[in-house]
Amino acid sequence: MSEKVLITGASRGIGREIAVSFAKRGDELILTCNKNIDMLRDLGESLSSEYGVKCRTYSCDVSDHEKVKELFLQAGDIDILVNNAGIAWMGLLTDMDIDDWRRVIDTNLGGLFNTCKYAVPVMVRNRKGSIINISSVWGSVGASCEVAYSASKGGVNSFTRALAKELAPSRVRVNAIACGVIDTDMNRDHLDSDELNALEDEIPAGRMGKASEVADLVLRICDGPEYLTGQVITLDGGWI
Ligand code: NAP
């Protein structure tokens with residue numbers, strides 16, 4: 001049976017591939033992004049025409065609580081929430097200013113509070129639902145020059161485990177995927193080709209992960225047993 005899926009940060013990268021995967025199985029989509037709304041609209045139109053699915057697109061900054069509240073008023077009941085929107089900031093902690101710190105934490109971690117605040121009551125009422133948070137291996141082990149990002153994703157991991165315990169009695173599942181290096185703009189924007197090659201040499205699988213591989217795992221978690229909850233599943237080619 002078709003489900004209603006809300007995916008944040010679907011204009012590019014991992015979120016875009018997750019949207020494609022759900023469209024292929026015929027689900028109804030609500031897709032969001034921050035700035036690239038034209039790109040997201042084009043994606044929505046192509047998924048609707050190619051797979052015949054209903055698809056709505058919105059520009060909604062996940063760190064803006066009021067905007068997220070409005071989004072959920074329009075979205076109605078959803079079955080699956082994928083918290084994918086995220087940003088990186090690289091540099092020494094002492095070079096980071098307070099606005100950048102807040103932007104990373106408010107987007108990567110605060111965004112989960114904002115979406116879950118409105119998604120959870122609906123799921124609890126319906127006694128079904130699945131929340132999947134896209135996290136990072138840096139949330140588990142920390143990365144030099146990515147302290148804010150690592151702290152935000154460590155928060156995502158704890159948020160996942162704690163909310164899963166709160167919602168398991170209501171049959172709502174909460175899981176996270178801790179990604180290694182995935183080939184998207186996030187890395188291309190911050191690393192040059194020599195740095196990317198050096199990074200690939202460190203990964204036992206010998207390559208970056210594909211956004212489609214993350215999307216594949218998201219669907220498998222959604223289709224997995226109801227007993228699978230509170231897990232942070234690492235997808236990193238054996239890296240960490
Ligand atoms: P990406 O290619 O940079 O795409 C980021 C997406 O998030 C875009 O759709 C962007 O929208 C959206 N976004 C950013 N800030 C937002 C905000 N405030 N409100 C709403 N949407 C926002 O990144 P990606 O690599 O696909 O990353 C997706 C997720 O995977 C992130 O949570 C990231 O931390 C995580 N992750 C990625 C990697 C990796 O190696 N790529 C590794 C570990 C974890 P616009 O297009 O409008 O800007």
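A short tour of the structure in this document, coming up. (Residues numbered from 1 in each chain as written. Predicted model: local features only at pLDDT ≥ 70, side-chain atom pairs only at ≥ 80, totals over all residues. Heavy atoms only, no water.)

## Some words on the pairing of strand S5 (residues 129-136)
Within S5, 8 of the 8 residues are buried, which leaves the element mostly enclosed by the surrounding structure. Every second residue of S5 is oriented toward a common face, with Gly 129, Ile 131, Asn 133 and Ser 135 on one face and Ser 130, Ile 132, Ile 134 and Ser 136 on the other, all of them buried. Summarising the sheet, S5 and strand S6 (residues 172-179) pair through 8 bridges and their orientation is parallel. Directly across from Ser 136, in S6, lies its bridge partner Cys 179. (Buried < 20%, exposed > 50% of the residue type's maximum accessible area, 1.4 Å probe, protein only. Helix = DSSP H or I, 4+ residues; strand = E, 2+ residues; numbered from the N terminus. Pairing = 2+ DSSP bridges.)

## Some remarks on the nonpolar core
Ranked by internal contacts, the top residues of the largest apolar core, which has 33 residues, are Ile 7, Phe 22 and Leu 31. For this core, the elements supplying multiple residues, two or more each, are strand S1 (4-7), helix H1 (13-24), strand S2 (28-33), helix H2 (37-51), strand S4 (80-83), S5, S6 and helix H10 (211-223). In terms of residue count, H10 provides more of this core than any other element does, 8 residues in total. In this structure, Phe 22 is in contact with Val 5, Ile 7, Asp 27, Leu 29, Ile 80, Val 82, Val 218, Leu 219 and Cys 222, ignoring residues within four places of it in sequence. (Core = buried A, V, L, I, M, F, W, Y, C linked by side-chain atoms within 4.5 Å. Contact = heavy atoms within 4.5 Å.)

## Re the site of the ligand
Taken together, 31 residues form the shell around the ligand, and within it Ser 11, Lys 35, Tyr 149, Thr 184 and Asn 187 come nearest. At 2.8 Å, a side-chain N or O of Arg 12 approaches an oxygen atom of the ligand. Here an oxygen atom of the ligand sits 2.6 Å away from a polar atom, N or O, in the side chain of Tyr 149. For the ligand, whose unbound accessible area comes to 900 Å², protein coverage reaches 95%. Mapped by element, the contributors of at least two residues to the shell around the ligand are H1, S5, helix H7 (147-167) and helix H8 (185-188). For the shell around the ligand, the residue count by class is 13 nonpolar, 13 polar and 5 charged. (Near = heavy atom within 4 Å. Polar contact = N/O pair within 3.5 Å; in protein donor to acceptor, adjacent residues only side chain to side chain. Areas by Shrake-Rupley, 256 points an atom, 1.4 Å probe, with all protein chains shown as cover. Nonpolar A, V, L, I, M, F, W, Y, C, P; charged D, E, K, R; others polar.)

## With respect to the environment of Gly 237
Position of Gly 237 among the secondary structure elements: in the segment after strand S7 (232-235). Put simply, Gly 237 and Gly 9 are 228 residues apart on the chain and 24 Å apart in space, counted from C-alpha to C-alpha. In this structure Gly 237 touches Ile 203, Pro 204 and Ala 205, once residues within four positions along its chain are discounted.

## Here we look at unusual backbone geometry
Despite not being glycine, Cys 145 has its phi angle at roughly 65 degrees, a positive value. What makes Cys 145 partly exposed here is its relative accessible area of 32%. With phi around 65 degrees, Arg 171 is a residue other than glycine that occupies positive phi space. With respect to the element layout, Arg 171 can be found in the loop between H7 and S6. Taking relative accessible area as the criterion, Arg 171 reaches 41% and is therefore assigned partly exposed.

## Focus: a nonpolar patch on the surface
Together, Leu 93, Ile 98, Trp 101 and Val 147 make up an exposed nonpolar region whose accessible area comes to about 340 Å². With respect to the element layout, Ile 98 can be found in helix H4 (residues 98-108). Look at Ile 98 and you get partly exposed, because its relative accessible area is 47%. (Patch = residues over 30% accessible without salt bridge, like charges linked within 9 Å, V, L, I, M, F, W, Y side chains within 5 Å. Salt bridge = Lys/Arg side-chain N within 4 Å of Asp/Glu carboxyl O.)

## Quick look at the pairing of S2
Buried residues dominate S2, accounting for 6 of its 6 residues. Burial along S2 is two-sided: the face carrying Glu 28, Ile 30 and Thr 32 and the face carrying Leu 29, Leu 31 and Cys 33 are both buried. Here 4 bridges tie S1 to S2, and the two strands are oriented parallel to one another. Residue pairing for S2: Val 5 is matched across the bridge by Leu 29. Chirality of the crossover, the property in question, places the unit of S1, H1 and S2 among those that are right-handed. With H2 bridging S2 and the parallel strand S3 (residues 55-59), this β-α-β connection has right-handed handedness. (Right-handed = clockwise from strand over helix to strand, strands pointing away.)

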